[in-house]
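Single-letter residue listing:
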Amino acid sequence: MQFDLNFYKEKRVFVTGHTGFKGAWLCKMLSNAGAIVTGYSLEPPTSPSLFEIADIARDVTSVIGDIRDYAALKKAFDEAQPEIVLHLAAQPIVRDSYQAPAYTYETNVMGTVNILECVRNSTCVKSFLNVTTDKVYRNREWAWGYRENEELDGYDPYSNSKSCSELVTHSYKNSFFHDGSVAVSTARAGNVIGGGDFANDRIVPDCVRAAVRKEDIVVRNPFSTRPYQHVLEPLYAYLMIAAMQYRDAAENRDSNYAGYYNVGPDDRDCFQTGALVDLFVKHWGAGMKWVNRCDGGPHEANFLKLDCSKLKTTFGWKPRWDLDKAMEKVVEWSKCWVAGGDVRACMDRQIQEFLSA
């Protein structure tokens, strides 16, 4: 199925977490497609940030607020009167969740409750998508990919709070939207890479920082395996799911597409971290290299892979860029930024190239 983003032309879309890395790329895609976007989020979580560097505020109505503040969220929501809601706001870092577990749960669980309360108390929303993570599953460290019917029981506070966010969404769907008035889905995405990610404790941003400083890249767990993909892959899938369930619900009063979906790469792109860094070194050049230096940090999964058969079967979806191409695009954007180039134009080119692939 070749989904056309022109569906979003003049659609009113509400995006939580729009100032984050994924949120900024998503807003750029939606704006390019002609959507009327309202974003609700805290200030950008990093400095520098893609949201500011690429001046995403010019593409959307940007409301700075806390997802835990229901009154402020509802005010922005009611003013926007969205037809489609994409919920990305979260505390997304595993290590940070060990330092601030209560904040992580408040944001990731009660934030989901708050946005669903806005949807429940509205008459304008037709389609809702909650973006969670591949880490929602109880990780048994087995060699095959997790399917959507596997047990939800994340280990660390971040992963577990996202499992809870899934369960909250399931409950609201069953309790309040069972009549088909709102099509509801969740999307569980693997690790994403892309230009403009400046987060701490993520391997590709660490690579870029090391390259800028002309230092060796420090890899703390080179043998952990993750499903890596370019950020445009899951964002396109989110937009496709939200649009297709919207269309189907409008025609049938109940969407056959609403559900729970894994969004990840093919098996060939489930890389060990060290192999991923090798790709970065290849594309960056300049004599870069990495060193293995475990820092004895808190528990993180060693092996994690998704089975995306459901998404492929339901929508005819498949990944467009392999990991080598994805890393090429990360380096392309990063070198554009380092050189003081036009990163907005770079994003537009990459989005267009991706959609044409």
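The structure presented is a predicted model; accordingly, all values stated were derived computationally and were not measured.

What counts as what
- Residues numbered from 1 in each chain as written.
- Predicted model: local features only at pLDDT ≥ 70, side-chain atom pairs only at ≥ 80, totals over all residues.
- Heavy atoms only, no water.
- Salt bridge = Lys/Arg side-chain N within 4 Å of Asp/Glu carboxyl O.
- Buried < 20%, exposed > 50% of the residue type's maximum accessible area, 1.4 Å probe, protein only.
- Helix = DSSP H or I, 4+ residues; strand = E, 2+ residues; numbered from the N terminus.
- Contact = heavy atoms within 4.5 Å.
- Core = buried A, V, L, I, M, F, W, Y, C linked by side-chain atoms within 4.5 Å.
- Lys, Arg positive; Asp, Glu negative; His and termini not counted.
- Pairing = 2+ DSSP bridges.
- Axes fitted to C-alpha atoms, helices over the stretch in contact; angles between N-to-C directions.
- Phe/Tyr/Trp six-rings, centres within 6.5 Å; stacked < 30°, edge-to-face > 60°.
- Lys NZ or Arg CZ within 6 Å of the ring centre and 35° of its normal.
- Parallel < 35°, antiparallel > 145°, perpendicular 65-115°, else oblique.
- Left-handed = near helix turned anticlockwise from the far one by under 90°.
- Nonpolar A, V, L, I, M, F, W, Y, C, P; charged D, E, K, R; others polar.

A.B. asks: Sorry, what's going on with the pattern of salt bridges here?
C.D. replies: Pairs can form between side chains of opposite charge once their charged atoms are near each other. For the structure shown, the criterion picks out 28 salt bridges. The partner of aspartate 134 in a salt bridge is lysine 135, and the shortest N-O contact between them spans 3.5 Å. The closest approach of N and O atoms between arginine 213 and glutamate 215, which form a salt bridge, is 3.0 Å. The exposure class of glutamate 215 is partly exposed, given its relative accessible area of 39%. Linked through salt bridges whose partners overlap, the residues forming this network are Lys325, Glu328, Lys329, Glu332 and Glu353.

A.B. asks: Mind showing me how you'd approach helix α7 (residues 203-213) here?
C.D. replies: Listed as buried for α7 are Ile203, Val204, Pro205, Cys207, Val208, Ala210 and Ala211. Residues of α7 that are buried make contact with β7 (191-193), β8 (217-219), β9 (225-230), α9 (273-284) and α11 (323-338). Downstream of α7 by a residue or two, lysine 214 has a phi angle that is positive, lying close to 60°.

A.B. asks: How do you make sense of the nonpolar core when you look at a structure like this?
C.D. replies: Across soluble globular proteins, nonpolar side chains have a tendency to be buried as a group. Among the nonpolar cores identified, the biggest contains 64 residues, and Phe3, Tyr8, Trp25, Leu30 and Leu86 are the most heavily contacted of them. A total of 12 residues in this core trace back to one element, the largest contributor, which is helix α8 (residues 232-252).

A.B. asks: Even after reading the chapter, I still don't get the side chain of aspartate 156, so can you show me in this structure?
C.D. replies: As for its position among the elements, aspartate 156 is in the loop between β5 (127-131) and α6 (157-176). Despite its burial, aspartate 156 pairs with no opposite charge; the closest candidate is lysine 135, at 7.6 Å N-O. With residues near it in sequence (within four places) discarded, aspartate 156 still touches Val94, Ser97 and Tyr98.

A.B. asks: Quick question: what am I supposed to make of the sheet that holds strand β4 (residues 84-87) here?
C.D. replies: Picture the strands of a sheet paired through backbone hydrogen bonds; they go either parallel or antiparallel. Spatially, β3-β2-β1-β4-β5-β6-β10 is the arrangement adopted by the seven strands of the open sheet, whose pairing is parallel. The open sheet is flanked by β3 (61-64) and β10 (260-263), the only strands paired with a single partner. Neighbour-to-neighbour, the strand axes of the sheet open up by a mean angle of 15°, direction not taken into account. Examined bridge by bridge, strand β1 (residues 12-16) and β4 share four bridges and lie parallel to one another. For threonine 16, the partnering residue across the bridge sits in β4 and is histidine 87.

A.B. asks: For this particular structure, what's the right way to read the sheet that holds β7?
C.D. replies: Judged by pairing direction, the sheet is mixed, and its three strands sit side by side in the order β7-β9-β11 without closing on themselves. On the outer flanks of this sheet lie β7 and β11 (270-272), each paired with one strand and no other. Adjacent strand axes in the sheet meet at a mean angle of 50° when their direction is disregarded. With three bridges connecting them, β7 and β9 associate as parallel partners.

A.B. asks: For this particular structure, what's the right way to read the packing of aromatic side chains?
C.D. replies: Two aromatic rings, taken as a pair, are described by how far apart their centres are and by the angle between their planes. A complete count under the given rule lists 18 aromatic pairs for this structure. Seen in terms of ring centroids, phenylalanine 280 and tryptophan 284 are 5.4 Å apart; in terms of plane orientation they differ by 25°. Their pairing is stacked. Placement of the pair is phenylalanine 280 and tryptophan 284 together in helix α9, with a separation of four residues, close to one helical turn. Taken as a pair, phenylalanine 280 and tryptophan 284 share a single burial class, namely buried. Through a chain of ring-to-ring contacts, the aromatic side chains of Phe3, Phe7, Tyr8, Tyr236, Tyr246, Trp321 and Phe354 assemble into a single cluster. The lysine or arginine in question, lysine 11, covers the ring of phenylalanine 7, its NZ or CZ lying 4.3 Å from the ring centre.

A.B. asks: Got a minute to help me understand the packing of helix α3 (residues 70-80) against helix α5 (residues 101-120) in this structure?
C.D. replies: Geometrically, a packed helix pair is captured by the angle between its two axes and the distance between the axes. Running from N to C, α3 and α5 point in directions that differ by 40°, and their axes come no closer than 10 Å. Here α3 is positioned oblique relative to α5, judged by the angle of their axes. Every pair of crossing elements has a handedness; the one defined by α3 and α5 is right-handed. Where α3 approaches α5, its residues Tyr70, Leu73, Lys74 and Phe77 are matched on the opposing element by Asn114, Ile115, Glu117, Cys118 and Val119. Of the residues belonging to the contact of α3 with α5, the class tally is six nonpolar, one polar and two charged.

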